[in-house]
Amino acid sequence: MSLMGLDVGTTGCKAVVFDLDGNILASSYREYPLLHPKPGWIEINPNQVWESVVTVVREVSSRTTQDPIKAFAVSSLGEACVGVDKNGAFLDNSIIGFDTRGAEFLGFWENRLGKDRLMRISGMPLSNIYTINKIMWIKRYKPSIFKKAWKFLCFEELVYFKLGLEPTVDYSLAARTMCLDIRKSAWSKEMLELAGVEESRLAKIAPSGTVVGEVKGRYAEELGLLEGTVAVTGGHDQPCGALGAGIIKKDIAMDATGTVECVCPAFAKPLLNKKMLDNGYACYPHVVPGMFVTIAFNFTGGSLLRWYRDTLGEEERIEAKDSGRDVYDIIIEKALNTPSNIYVLPHFTTTGTPYFDHRAKGAIIGLTLATKKPEIIRGILEGITLEIKMNLNYLEKAGLRVNELRAIGGGAKSRKWMQLKADIFNKRVLSLSVSEAACLGCAMLAGVAIGEYSSLHEAVDRIVKVKEIFKPDRKNAMLYEDRLKVYTKIYPALRDVNHCI
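Within any chain, residue numbers begin from 1 and follow the written order of that chain's sequence. In keeping with the predicted nature of the model, local features appear solely for residues at pLDDT of at least 70, side-chain atom pairs appear and are counted solely at 80 or more, and the whole-chain, interface and lining totals rest on all residues. Excluded from the side-chain calculations are hydrogens and water; all other atoms, namely the structure's heavy atoms, are used.

Draft legend 1. Region of interest: the overall build of the protein. Comment: elements are numbered from the N terminus, with helices defined as DSSP H or I runs of at least four residues and strands as E runs of at least two. Helix and strand counts for the protein come out as 19 helices and 24 strands. Working definition: with a 1.4 Å probe on protein chains only, accessible area under 20% of the residue-type maximum means buried, over 50% means exposed, and in between means partly exposed. By the burial criterion, 61% of the 501 residues in the protein qualify as buried. In this analysis, two residues are considered to be in contact whenever any of their non-hydrogen atoms come within 4.5 Å of each other. Summarising the internal contacts of the protein: among those between residues at least 6 apart in sequence, 73% fall at separations of at least 24. When charges are tallied, Lys and Arg are placed among the positive residues and Asp and Glu among the negative ones, while His and the ends of the chain are skipped. Lys charges are placed at NZ, Arg charges at CZ, Asp charges at CG and Glu charges at CD. Computed over 64 positive and 58 negative side-chain charges, the inter-centroid distance for the protein is 4 Å.

Draft legend 2. Structural detail: the sheet that holds strand β2 (residues 12–18). With mixed pairing, 6 strands are arranged side by side in an open sheet as β3-β2-β1-β5-β14-β13. Since the sheet does not close on itself, it has two edges, and those belong to β3 (24–31) and β13 (211–215), each with one partner. For this sheet, the mean angle separating the axes of adjacent strands, direction not counted, is 20 degrees. Judged from the 4 bridges that link them, β13 and strand β14 (residues 229–236) form a sheet pairing that is antiparallel. Strands were regarded as paired on the criterion that DSSP finds at least two bridges between them. To obtain each axis, a line is fitted to C-alpha atoms, and for helices this fit is confined to the stretch in contact; angles are then taken between N-to-C directions over 0 to 180 degrees.

Draft legend 3. Here's a closer look at the pattern of salt bridges. Here, a salt bridge means any Lys or Arg side-chain nitrogen found within 4 Å of an Asp or Glu carboxyl oxygen. In the structure shown here, the tally under the stated rule is 33 salt bridges. As a salt-bridge pair, Asp-92 and Lys-142 come within 2.6 Å of each other at their nearest N and O atoms. A residue pair is termed long-range when its members are at least 10 positions apart, and Asp-92 in the loop between β6 (82–84) and β7 (94–95) and Lys-142 in the loop between α4 (131–141) and α5 (143–148) qualify at 50 residues. On the basis of relative accessibility, which here comes to 26%, the residue Asp-92 falls in the partly exposed class. Classification of Lys-142 as partly exposed rests on a relative accessible area of 24%. Of the charged contacts in the structure, one is a salt bridge between Arg-201 and Glu-198, with a shortest N-O distance of 3.6 Å. Owing to a relative accessible area of 43%, Glu-198 belongs among the partly exposed residues under this scheme. When salt bridges that share partners are traced, they join Glu-315, Glu-316, Glu-319, Lys-334 and Lys-373 into one network.

Draft legend 4. Seen up close, helix α10 (residues 237–244). Among the 8 residues that make up α10, 8 are buried, leaving the element largely enclosed by the rest of the structure. Within the sequence span of α10, burial applies to Asp-237, Gln-238, Pro-239, Cys-240, Gly-241, Ala-242, Leu-243 and Gly-244. Of the residues trailing α10, Gly-246 is marked for its positive phi of about 85 degrees.

Draft legend 5. Structural context of the packing of aromatic side chains. Working definition: a ring pair exists when centres of Phe, Tyr or Trp rings (six-membered ring for Trp) sit within 6.5 Å. Plane angles under 30 degrees give stacked, over 60 give edge-to-face, the rest tilted. Summed over all chains, the structure comprises 10 aromatic pairs. Arranged with centres 5.9 Å apart and planes meeting at 70 degrees, the rings of Phe-297 and Phe-356 form a pair that is edge-to-face. Of the two residues, Phe-297 is situated in strand β19 (residues 296–298) and Phe-356 in the loop between β20 (343–345) and β21 (363–365); the sequence distance between them amounts to 59 residues. Taken as a pair, Phe-297 and Phe-356 share a single burial class, namely buried. Geometrically, a lysine NZ or arginine CZ counts as sitting over a ring once it is within 6 Å of the ring centre and also within 35 degrees of the ring normal. The residue whose ring lies beneath Arg-176 is Tyr-284, and the NZ or CZ to ring-centre distance is 5.1 Å.

Draft legend 6. Representation of the nonpolar core in the model. Take the buried residues of types Ala, Val, Leu, Ile, Met, Phe, Trp, Tyr and Cys, join any two whose side-chain atoms come within 4.5 Å, and each joined set is a nonpolar core. In terms of nonpolar packing, the biggest core is built from 140 residues, with Val-8 and Trp-109 touching the most fellow members. With 9 residues, the single largest contributor to this core is helix α17 (residues 437–449). Contact partners of Trp-109, with chain neighbours within four places excluded, come to Gly-114, Leu-118, Leu-126, Ile-132, Asn-133, Met-136, Met-178, Met-191, Leu-194 and Ala-195. In terms of nonpolar packing, the next biggest core, distinct from the first, is built from 43 residues, Val-263, Ile-331, Phe-470 and Tyr-491 among them.

Draft legend 7. Layout of the packing of helix α16 (residues 415–425) against helix α19 (residues 474–499). Two elements in contact, α16 and α19, have axes whose closest approach is 7 Å; the angle formed by their N-to-C orientations is 65 degrees. Pair α16 / α19 crosses with right-handed handedness. In this structure, α16 uses Leu-420, Asp-423 and Ile-424 to contact α19, whose residues at the interface are Asn-476, Ala-477 and Tyr-480. Its residues assigned to classes, the contact of α16 with α19 comprises 4 nonpolar, 1 polar and 1 charged. Note on convention: near helix rotated counterclockwise from far helix by under a right angle means a left-handed crossing. Clockwise means right-handed. Lys, Arg, Asp and Glu make up the charged group, whereas Ala, Val, Leu, Ile, Met, Phe, Trp, Tyr, Cys and Pro make up the nonpolar group; the residues left over, Gly among them, are polar.

Draft legend 8. Region of interest: the environment of Ala-363. In this fold, Ala-363 is placed in strand β21. Residues Ala-363 and Leu-494 lie 131 residues apart in sequence; the distance between their C-alpha atoms is 8.8 Å. With residues up to four places along the chain from it excluded, the contact list for Ala-363 reads Tyr-343, Val-344, Leu-345, Phe-348 and Leu-494.

Draft legend 9. The arrangement of the layout of surface pockets in detail. Empty space within the second largest pocket amounts to approximately 610 Å³. For the second largest pocket, the lining is made up of 25 residues, of which His-36, Ile-42, Phe-98, Phe-348 and Thr-349 are closest to its centre. For the lining of the second largest pocket, the per-class residue count stands at 9 nonpolar, 12 polar and 4 charged. The way it works is a 1 Å grid over only the protein atoms, where trapped points that fit a 1.4 Å probe form a cavity and open points with protein on both sides within 12 Å along at least five of seven lines form a pocket, and then any residue with an atom within 4 Å of a point lines it. Grid points are joined across faces, edges and corners, and a volume is the space filled by probe spheres set on the points.

Draft legend 10. How the structure looks around empty space enclosed by the protein. Considering all chains together, one arrives at 4 cavities of 30 Å³ or more under this definition. Quantified by volume, the largest cavity comes out at close to 60 Å³. Taken together, Cys-81, Thr-131, Ile-135, Phe-152, Cys-154, Glu-157, Val-169, Thr-177, Trp-187, Leu-202 and Ala-203 make up the lining of the largest cavity.

Draft legend 11. Region of interest: the pairing of strand β23 (residues 428–432). Extensive coverage of β23 is indicated by the burial of 4 of its 5 residues. Of the strand pairs in this sheet, strand β22 (residues 404–409) and β23 are connected by 4 bridges, and their pairing is parallel. Paired with Glu-404 across the bridge in β23 is Arg-428. Handedness of a crossover: with both strands directed away from the viewer, a clockwise path from the first strand across the helix to the second marks it as right-handed. Crossover β22 to β23 through α16 is right-handed. Sheet topology note: the β23/strand β24 (residues 466–470) ladder contains 4 bridges and is antiparallel. Along β24, the bridge assignment pairs Leu-432 with Val-466.

Now the structure itself:
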């Protein structure tokens with residue numbers, strides 16, 4: 001018997017099957033493109049996403065016939081939603097979080113509700129990224145699609161719906177719509193009425209780790225699953241990853257390097273103070289019962305390495321093809337081994353916390369004729385990490401001190417990047433035996449739901465293992481403290497110029 005975690009992300013989806021001790025039995029990944037139909041518009045094609053889901057699940061199912069999947073849960077990117085009809089047909093592409101549409105409704109929310117009350121209800125600081133703004137945009141500019149839509153579903157509940165089950169969303173992902181009352185764990189009637197969206201057009205809400213139903217008949221056959229495989233609510237990808245990294249107590253945080261670079265600490269009570277609000281830090285339910293999380297993030301995380309791969313990395317792409325190695329391993333390997341002399345502002349898309357500036361632009365500063373590619377790569381890694389260090393400082397001022405970070409995602413596989421993180425954060429950074437933490441978190445939720453573990457705490461104690469501890473180099477940590485002072489001046493200095501571009 002095995003457990004599966006399915007992670008539906010911004011640029012790809014992954015299915016990973018684990019045994020009860022957290023060992024990986026099978027894994028499969030498929031990438032899909034980001035679509036840019038107009039400047040500032042960023043979408044994914046839900047048909048491509050679903051085809052990828054079917055492919056990865058079928059692949060891992062076929063490789064685990066001796067230890068078949070008994071239950072699974074879904075981890076999902078936040079904010080993105082799809083309008084569907086009752087037959088399950090997708091009515092349009094999905095507008096993802098860092099798409100700039102929805103920004104026109106910020107004034108509406110501020111005038112009707114106010115930033116403070118909005119956050120006290122939803123736990124979300126006012127931003128255009130949240131799902132309800134996407135739905136309001138569709139209602140205004142694509143009224144025929146809004147009218148045809150039976151429901152607007154995020155990708156967690158979309159998977160269950162496509163498997164013949166009731167579309168059900170957990171608290172953590174529901175919160176990313178900006179319409180969940182986080183204290184009542186229910187859709188906010190006040191916010192939905194203001195938005196002009198009926199509650200019936202959203203999914204049913206349930207805690208993470210709730211059994212949604214059994215996959216049967218043609219649905220099980222399509223994905224290669226056994227009849228009766230149990231589907232369980234998972235959650236937003238960041239808290240799922242935090243669970244998979246063992247973040248079930250305060251003072252430690254997950255550091256995830258995927259398309260988005262994100263830090264996710266957990267805490268026991270809602271934290272809704274002014275510093276959280278002013279710096280854009282959400283407060284919403286963890287996938288661990290009774291706990292809450294926040295996220296500090298930069299939308300241009302690992303996607304900046306993808307930009308390098310596609311624009312400057314032809315040599316590395318050829319080398320990867322010839323050697324059979326991962327192109328990102330090769331790129332990071334070629335980064336300068338010492339701190340760079342350049343600064344990279346990683347705002348190549350809408351920024352995340354603390355600015356939420358959808359008009360921001362990226363920058364590479366300090367270039368000279370002597371600058372070579374290894375220094376640019378190092379500068380990219382430093383820029384992504386300095387952005388998170390700045391956020392850690394802001395979180396501490398808001399009352400959330402982080403003493404240790406546990407790294408997950410693709411970046412966690414690089415010892416060079418892990419040491420750089422430890423130096424810049426000036427904190428211990430731990431790599432884990434399983435870096436695919438979002439899928440592992442989902443597998444643990446599924447395992448508890450069907451009684452294979454007595455609790456998530458038991459599952460974490462049994463499964464989550466530290467692989468290596470990276471401690472900050474004192475000299476480099478001091479150097480990066482000085483560089484951070486310069487780094488924090490770059491965005492304010494360039495903001496007005498970039499807004500003119």
